[in-house]
Amino acid sequence: MSSLKLSNKPGPIGIFDSGYGGLTILREIRQRLPRFDYMYLGDNARAPYGNRSFEIVYKFTLQAVKYLFEQGCHLVILACNTASAKALRTIQQHDLPVIAPDRRVLGVIRPTVEQLGTLSNNGNIGLFATQGTITSESYDMEIAKLFPDFKLTGVACPMWVPLIENNEADRPGADYFVKQEIDRLLEKSPEVDTVILGCTHYPILYKKIRHYLPDNIKIISQGQIVAESLADYLKRHPEIESKCSQNGTSTFLTTEQPEKFAEMATLFLGNDIKAHKITFD
């Protein structure tokens, strides 16, 4: 566990996701903090994580975090709700003190929940997410801590990620599955006034979600929130910021075919990228 080869030199900020969804987070972070270097790692070969067990998600996420540490990252963002839900707490409390006490791993759930107080008028919150995130009850726990009077209603959306990753998000077939899950949420909790898109893929479906949700319901998309939260974190932790290199570069790593990754990344980022393949032992 402690045999990582770590350098004290400044390095990129690591962004990890099970697949492509975290690119929606990276896009907003780069826009907010363009001066930093970023290293994005997508574990596409083993995606999706949404229905995997806690043990497997933790194991895969820890592998990725260690890899990014060895590439020079002093700070890693888990830009994946499933990884944040199933692995973040254990990595922060159990692993970091042993393998890299001076490095940090942050998630996307807490900064998202922190926004609810200013957005919701009646405390009725809806959550669209993967089955893994719903089952973990991570959003329930964070909301209970920060807003104990709020009520959360979660709906798992098993078809949304496959639709996006198969480039079907803009096609009419996607409407059926988007409307189906929105109807399920409103049937379970008609009073919902704010909805969290609790998977980083889902902003790709934003237009369809907005179309089928009643106009009075606010939508929380995580990219901007996480970007602002990161900017605030770096300001409050100059000792971490000083370890983040600042050349405005982005590196893309994938466990899948780099050509396929680059093609899909264009959909999420809006510009061409070059990706490199890595493998885990």
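Everything below is about the structure printed above this text.
Reading the values: rules and limits
Residues numbered from 1 in each chain as written. Predicted model: local features only at pLDDT ≥ 70, side-chain atom pairs only at ≥ 80, totals over all residues. Heavy atoms only, no water. Salt bridge = Lys/Arg side-chain N within 4 Å of Asp/Glu carboxyl O. Buried < 20%, exposed > 50% of the residue type's maximum accessible area, 1.4 Å probe, protein only. Helix = DSSP H or I, 4+ residues; strand = E, 2+ residues; numbered from the N terminus. Pairing = 2+ DSSP bridges. Axes fitted to C-alpha atoms, helices over the stretch in contact; angles between N-to-C directions. Contact = heavy atoms within 4.5 Å. 1 Å grid on protein atoms, 1.4 Å probe; cavity = no way out; pocket = protein on both sides within 12 Å on 5 of 7 lines; lining within 4 Å. Points joined across faces, edges and corners; volume = space filled by probe spheres on them. Nonpolar A, V, L, I, M, F, W, Y, C, P; charged D, E, K, R; others polar. Right-handed = clockwise from strand over helix to strand, strands pointing away.

(A) Representation of the pattern of salt bridges within the structure. According to the stated counting rule, one finds 12 salt bridges in the structure shown. Residues Arg 46 and Asp 43 are paired through a salt bridge, measuring 2.8 Å at the closest nitrogen-oxygen approach. One exposure class covers both Arg 46 and Asp 43, and it is buried. The shortest N-O distance in the salt bridge between Glu 142 and Arg 89 comes to 3.7 Å. Of this pair, Glu 142 sits in helix α8 (residues 138–146) while Arg 89 sits in helix α4 (residues 88–99), and the two are 53 residues apart along the sequence. One continuous salt-bridge network, built from bridges that share partners, spans Arg 89, Arg 110, Glu 114, Glu 142 and Lys 145.

(B) Local environment of the sheet that holds strand β5 (residues 124–129). The strand order across the open sheet formed by four strands is β6-β5-β7-β8, and the pairing between neighbours is parallel. Edge positions in the sheet fall to β6 (151–156) and β8 (218–220), since each of these pairs with one other strand and no more. Strand after strand, the sheet turns through a mean of 25° between neighbouring axes, direction not considered. Pairing of β5 with β6 involves six bridges; the strand directions are parallel. Note that in β6 the partner of Gly 126 across the bridge is Thr 153. Each of β5, β6 and β7 (194–197) touches helix α10 (residues 172–188); the most contacted strand, β6, lies at about 150° to it.

(C) Just the layout of surface pockets, in detail. Counted as a void, the largest pocket has a volume near 640 Å³. As for the largest pocket, its lining consists of 29 residues, of which Leu 88, Gln 92, Gly 107, Arg 110 and Glu 142 are closest to the centre. Mapped by element, the contributors of at least two residues to the lining of the largest pocket are α2 (54–70), α3 (81–86), α4, α5 (109–114), α8 and α12 (222–236). Of the residues forming the lining of the largest pocket, the biggest block, six residues, is contributed by α12. Of the residues assigned to the lining of the largest pocket, the class counts are 14 nonpolar, seven polar and eight charged. Its boundaries defined by the atoms lining it, the second largest pocket holds a volume of some 250 Å³. Around the second largest pocket, the lining comprises 20 residues; the ones closest to its centre are Pro 48, Tyr 49, Gly 50, Thr 130 and Val 161. When residues of the lining of the second largest pocket are traced back to their parent elements, those giving at least two are α3 and α9 (160–165).

(D) Main features of the sheet that holds strand β9 (residues 250–254). With parallel pairing, the six strands of this open sheet are ordered in space as β4-β3-β1-β2-β9-β10. Every interior strand has two partners, whereas the edge strands, β4 (104–106) and β10 (275–277), have only one. Pairs of neighbouring strands in the sheet enclose a mean axial angle of 25°, with direction left out of account. Pairing of strand β1 (residues 13–17) with strand β3 (residues 75–78), which is carried by three bridges, proceeds in the parallel orientation.

(E) Up close: the pairing of β9. By the bridge criterion, five bridges tie strand β2 (residues 38–42) to β9 in an arrangement that is parallel. Bridging across to β9, Tyr 38 finds its partner in Ser 250. The sheet contact formed by β9 and β10 spans three bridges and is parallel. Note that in β10 the partner of Leu 253 across the bridge is His 276. Of the crossover connections in this fold, the one passing from β9 over helix α14 (residues 258–269) to the parallel β10 is right-handed.

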